[in-house]
Amino acid sequence: MIEVKNISKSFSEKQVLDNVSAVFHKGKTNLIIGGSGSGKTVFMKCMVGLHEVDSGSVNYNNRNFSEMNFRERKTIRKEIGMVFQGGALFDSMNVEKNIIFQLSMFSEMTLEEKIERANAVLKRVNLTNVNHLMPSEISGGMKKRVAIARAIAANPEYLYCDEPNSGLDPKTSIVIDQLIAEITEEYSITTVINTHDMNSVMEIGEKIIFLYKGKKFWEGSKEEILDSDVEEINDFIFASNAMKMLRKQKPSSVK
Amino acid sequence: MGRYLFHIGRYSVFLKGLFIKPERFSVYVRQTLVEMESIGYGSLGLVILISAFMGAVITVQTAYNLVSPLVQTYIVGLVTRDSIIIEFSPTIILLVLGGKVGSSIASEIGTMRVTEQIDALEIMGINPSGYLVVPKIVAAVLIMPFLVIISMCVGIAGGWLAGDLSGVITSTEYVRGLQDSFIPFNVAFAMIKSVTFAFIITSVSAYQGFYTEGGALQVGRSSTAAVVYSSILILIFDYVLTQLFLA
């Protein structure tokens with residue numbers, strides 16, 4: 001379980017997060033949604049320690065991550081996998097080396113065991129015969145899959161995905177969403193996804209947090225969000241015609 | 001002034017961050033060998049080319065400037081040797097390498113920063129500055145003195161060839177000049193300079209790349225800043241070391 005307590009974050013004079021609290025449970029796909037500039041990415045980066053919080057705390061199974069130094073954080077970071085918006089695959093390494101990199105640094109596995117693990121996670125994300133390709137030689141959708149494979153290679157307890165389907169076509173986006181949801185259930189990990197894609201919200205959003213101007217504005221499930229009467233949420237989720245049509249249907253018709 | 005103090009402070013913190021125990025020593029060693037090949041072997045052609053012509057120009061220009069019945073011709077060989085050993089090979093060659101290696105390091109690390117690869121390293125629990133920068137610094141500090149020695153040999157040979165072909169000095173006189181009043185400490189001094197400059201080039205360039213913010217434009221700016229600041233620091237430390245050891 002990840003528990004975020006009253007975190008605030010400012011850059012110079014600009015307050016980006018204002019007293020945000022949230023709880024993310026194990027085995028669930030938790031979505032953080034909000035418009036551009038709402039503070040989603042900063043919120044996620046504060047949770048993983050890429051930004052230091054000004055106040056408040058982030059707790060992983062009651063371990064206060066915010067108060068730890070770099071060395072102490074290493075223990076928790078080994079339990080975290082993260083899929084970055086652009087994949088963030090290492091340019092100088094092929095797909096296989098990208099996946100086994102963390103294992104090479106921290107595990108005592110032999111090379112054969114690491115390659116076996118890489119093949120297993122690549123198979124899990126439905127990729128084969130890509131081991132020796134460089135990141136520049138694969139498509140955007142494949143990069144996302146490799147990034148997911150890399151993130152789960154070390155059996156993480158927590159999986160963070162920053163806009164995992166940005167820049168992907170709708171069909172590939174659904175495949176990536178379903179893959180993340182399946183992996184979350186299969187490995188029983190706590191998954192936190194940053195997105196502004198309403199398709200993702202309706203596909204896999206078990207718990208949704210809506211950020212607006214740096215504040216947590218709303219929290220609920222995908223079924224509840226369609227019935228919300230909060231104006232800011234409606235402005236965000238019903239911005240597209242497809243969602244307006246969906247709203248006309250009964251909430252029960254939504255998967 | 002405040003901006004410079006900020007950079008000096010952050011550079012010091014950056015250097016301190018490099019001296020954290022490596023996550024896996026063998027990975028760092030392998031990475032260092034890769035960097036040694038990239039920095040050393042990758043720069044060899046350039047070093048040989050520049051050194052050969054540099055030696056040739058020094059010989060011909062020295063001969064041109066020492067046209068006097070009071071100065072013996074073999075002095076041209078002596079001046080060429082000392083100019084190459086004390087100044088041209090350790091300073092000019094490393095200034096050129098500062099441009100080549102420094103911009104490469106700053107743009108590589110800067111691109112990793114803006115594409116979140118450095119964040120990915122940090123999330124994995126790896127000290128990004130240690131993993132990315134330490135192998136480069138160690139590789140440069142180990143390999144650049146060898147490049148400087150090669151540069152000295154090629155420069156002196158280039159001067160010999162140019163002097164003989166142009167007829168400004170005979171081979172016999174050139175060799176006599178090379179052997180006359182040789183001070184072995186000059187070579188040691190050149191090694192001290194090359195190690196210092198190698199550290200400056202890699203650490204300053206890595207610092208510039210590591211703190212890149214933005215996109216492609218900022219990566220280019222970091223790369224330029226890396227070359228400019230490392231060149232200025234090389235010239236400052238060249239004077240400081242000369243004052244310390246030769247004055």
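Look a little higher up for the structure.
So, here's what we can say about the structure. Given the structure is predicted, the values throughout are model-derived calculations rather than measurements.

## A few points about the interface of chain B and chain A
Each side of the interface is counted separately: chain B has 13 residues, and chain A has 15 residues. Tallying contributions element by element places helix H4 (residues 117-123) of chain B first for the side of chain B that touches chain A, with five residues. The residue inventory of the side of chain B that touches chain A, partitioned by class, reads five nonpolar, three polar and five charged.

## What to know about unusual backbone geometry
Residue and element names in this part refer to chain A. Phi angles above zero are rare outside glycine, and asparagine 6 is one such case at about 45°. With respect to the helices, strands and loops of the structure, asparagine 6 is situated in strand E1 (residues 2-11). For asparagine 6, a count of 13 C-beta atoms within 10 Å gives the class partly exposed. For asparagine 62, which is not glycine, the phi dihedral falls at a positive 65°. Residue classification places asparagine 62 among the exposed positions, given that 7 C-beta atoms sit within 10 Å.

## With respect to helix H5 (residues 140-152) of chain A
Residue and element names in this part refer to chain A. Relative to the 18 Å expected for 13 residues at 1.5 Å per residue, H5 spans 19 Å between its end C-alpha atoms, a close match to the ideal helical length. The buried fraction of H5 is high, at ten of 13 residues. Those residues of H5 that sit buried are Lys143, Lys144, Arg145, Val146, Ala147, Ile148, Ala149, Arg150, Ala151 and Ile152. Of the surrounding secondary structure, the elements contacted by the buried residues of H5 are strand E6 (80-83), helix H3 (95-106), helix H4 (111-124), strand E7 (158-162) and helix H6 (170-187).

## Overview of the pairing of strand E10 (residues 215-220) of chain A
Residue and element names in this part refer to chain A. In this structure, strand E9 (residues 207-212) lies alongside E10, joined through five bridges in antiparallel fashion. If you follow isoleucine 208 over to E10, its bridge partner there is glycine 220. Connecting E9 to the antiparallel partner E10 that follows it, the hairpin turn spans two residues, and lysine 213 within it adopts a positive phi of roughly 50°.

## Describing the pairing of E9(A)
As paired strands, strand E3 (residues 29-33) of chain A and E9(A) are joined by four bridges and run parallel to one another. Its bridge partner lying in E9(A), Asn30(A) is registered against Lys207(A).

## Description of the sheet that holds E1(A)
The four strands lie next to each other as E2-E1-E4-E5 (chain A), forming an open sheet whose pairing is antiparallel. The two strands at the open ends of the sheet, each matched to only one other strand, are strand E2 (14-24) and strand E5 (63-64) of chain A.

## Comments concerning the nonpolar core
Of all hydrophobic cores here, the largest spans 122 residues; its most connected members are Phe43(A), Met47(A), Met82(A), Ala149(A), Tyr160(A), Ala140(B) and Ile201(B). With 14 residues, the single largest contributor to this core is helix H5 (residues 128-166) of chain B.

What counts, and at which threshold
Residues numbered from 1 in each chain as written. Chains lettered and ligands numbered in written order. Predicted model: local features only at pLDDT ≥ 70, side-chain atom pairs only at ≥ 80, totals over all residues. Contact = placed C-beta atoms within 7 Å. Helix = DSSP H or I, 4+ residues; strand = E, 2+ residues; numbered from the N terminus. Nonpolar A, V, L, I, M, F, W, Y, C, P; charged D, E, K, R; others polar. Buried ≥ 20, exposed ≤ 12 C-beta atoms within 10 Å, placed from the backbone. Expected span 1.5 Å × (residues − 1). Pairing = 2+ DSSP bridges. Core = buried A, V, L, I, M, F, W, Y, C linked by C-beta atoms within 7 Å.

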